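# A closer look at the structure
Given next are the chains, with one letter for each unit.
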Amino acid sequence: MSHDYKAVQWTPFKKRFDLWMLAGIAVYLVGFILVSGMMQPPGDSIHPVQMLIRATGTLAFLLLTFILCIGPLARLTARFKPFLYNRRHLGVTTFLIALVHAALVIMWYHGFSETNPLVSIFISNPRYDSLAGFPFEVLGFVALLIMFLMAATSHDFWN
């Protein structure tokens with residue numbers, strides 16, 4: 001191979017960015033769970049695992065949306081250039097959050113039967129002909145696979 005590998009240098013800026021990103025993720029997850037708990041009608045309850053499933057799902061969606069907006073926003077204003085520099089790292093973090101979401105969903109909704117949980121995702125809802133009952137779990141699995149490929153190739157070696 002003619003390509004030389006160079007390790008990513010962890011500059012002080014990148015370390016600060018990572019700390020802010022992790023702090024933002026923690027604040028979002030804790031805030032989502034607290035607000036969800038307070039917004040429940042009296043007498044209704046939701047399990048903490050279900051709240052965490054919802055929190056990680058919405059966080060992964062919001063991070064993915066933000067990542068896709070970084071390029072156009074960086075062209076409009078220079079304030080988004082630091083995010084452009086760290087977009088790949090944000091993408092890998094988004095994949096890890098989506099992976100946590102998927103693992104929680106699989107274990108909570110498909111993990112307590114005799115069927116293999118991964119097989120259960122594909123056979124539990126065969127209503128492909130109905131828009132209201134369409135099995136979105138399959139689309140989520142495909143999306144997670146695509147995000148895995150993007151995260152796995154999001155390395156300096158592949159550029």
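As the structure is a prediction and not an experimental result, all values here were calculated from the model. (Residues numbered from 1 in each chain as written. Predicted model: local features only at pLDDT ≥ 70, side-chain atom pairs only at ≥ 80, totals over all residues. Heavy atoms only, no water.)

### Quick look at the overall build of the protein chain
In terms of regular secondary structure, the protein chain is built from six helices and zero strands. The order of α-helices and β-strands along the protein chain, N terminus first, is α-α-α-α-α-α. Expected size for 159 residues packed as a compact globule is a radius of gyration near 15 Å; at 19 Å, the protein chain overshoots this value by more than 25%. Across its three principal axes, the protein chain shows a C-alpha extent of roughly 50 × 45 × 30 Å. A total accessible area of about 11,200 Å² is found for the protein chain, and carbon and sulfur atoms account for 72% of it. Seen as two clouds, the 11 positive and the 7 negative side-chain charges of the protein chain have centres 18 Å apart. (Helix = DSSP H or I, 4+ residues; strand = E, 2+ residues; numbered from the N terminus. Rg over C-alpha atoms; globule rule 2.2 N^0.38 Å. Areas by Shrake-Rupley, 256 points an atom, 1.4 Å probe, with all protein chains shown as cover. Lys, Arg positive; Asp, Glu negative; His and termini not counted. Charge placed at Lys NZ, Arg CZ, Asp CG, Glu CD.)

### Focus: the nonpolar core
In this structure, Ile 25, Leu 59, Leu 90 and Ile 97 are the most contacted members of the largest nonpolar core, which totals 18 residues. Secondary-structure elements contributing two or more residues to this core are α1 (12–39), α2 (48–76), α4 (87–110) and α6 (136–152). Top element by residues in this core is α2. It accounts for six residues. What Leu 59 contacts, discounting residues up to four positions off in sequence, is Ile 25, Tyr 28, Leu 29 and Ile 97. (Core = buried A, V, L, I, M, F, W, Y, C linked by side-chain atoms within 4.5 Å. Buried < 20%, exposed > 50% of the residue type's maximum accessible area, 1.4 Å probe, protein only. Contact = heavy atoms within 4.5 Å.)

### Re the confidence of the model for the protein chain
Close inspection of predicted coordinates is inappropriate for parts of the model with low pLDDT. Summing up the model confidence of the protein chain, the mean pLDDT is 86 and the portion of residues at 70 or higher is 91%. Across the protein chain, the secondary-structure element scoring lowest on mean pLDDT is helix α5 (residues 117–123), at 81, and the one scoring highest is α2, at 94. (pLDDT = per-residue confidence, 0-100.)

### Some remarks on a nonpolar patch on the surface
Where nonpolar side chains cluster on the molecular surface, the patch consists of Val 35, Met 38 and Met 39 and spans about 360 Å² of accessible area. Note on placement: Val 35 falls in helix α1. Val 35 gets classed as partly exposed once you look at its relative accessible area, which sits at 44%. (Patch = residues over 30% accessible without salt bridge, like charges linked within 9 Å, V, L, I, M, F, W, Y side chains within 5 Å. Salt bridge = Lys/Arg side-chain N within 4 Å of Asp/Glu carboxyl O.)

### Focus on the side chain of Ser 120
By the secondary structure assignment, Ser 120 is in helix α5. A relative accessible area of 10% means that Ser 120 is categorised as buried. What Ser 120 contacts, discounting residues up to four positions off in sequence, is His 110 and Thr 115.

### A look at the packing of aromatic side chains
A complete count under the given rule lists seven aromatic pairs for this structure. Ring centres 5.8 Å apart and planes at 70° place the aromatic pair Phe 17 and Phe 83 in the edge-to-face group. Taken together, the positions of Phe 17 in helix α1 and Phe 83 in helix α3 (residues 81–85) put the pair 66 residues apart, joining distant regions of the chain. Residue Phe 17 is classed as buried on the basis of its relative accessible area, which comes to 12%. Plain terms: the ring middles of Phe 66 and Phe 83 are 5.1 Å apart, the flat faces sit at 90° to each other, and that makes the pair edge-to-face. With Phe 66 in helix α2 and Phe 83 in helix α3, this residue pair connects regions lying 17 residues apart in the sequence. Among the aromatic residues, those joined into a ring-pair cluster are Phe 13, Phe 17, Phe 66, Phe 80, Phe 83 and Tyr 85. (Phe/Tyr/Trp six-rings, centres within 6.5 Å; stacked < 30°, edge-to-face > 60°.)

### Some details on α6
Helix length check: α6 (17 residues) gives 24 Å between terminal C-alpha atoms against 24 Å at 1.5 Å per residue, within 8%. Among all positions in α6, only Val 138, Leu 144, Met 147 and Ala 151 are buried. Buried residues belonging to α6 abut α4 and α5. (Expected span 1.5 Å × (residues − 1).)

### Focus: the packing of α1 against α4
At a minimum axis distance of 12 Å, the contact between α1 and α4 shows a crossing angle of 30°. In terms of axis orientation, α1 runs roughly parallel to α4. Judged by the sense of rotation from one axis to the other, the crossing of α1 with α4 is right-handed. Across from Lys 14, Phe 17, Asp 18, Met 21 and Ile 25 in α1, the residues of α4 making contact are His 89, Leu 90, Thr 93 and Ile 97. Of the residues belonging to the contact of α1 with α4, the class tally is five nonpolar, two polar and two charged. (Axes fitted to C-alpha atoms, helices over the stretch in contact; angles between N-to-C directions. Parallel < 35°, antiparallel > 145°, perpendicular 65-115°, else oblique. Left-handed = near helix turned anticlockwise from the far one by under 90°. Nonpolar A, V, L, I, M, F, W, Y, C, P; charged D, E, K, R; others polar.)

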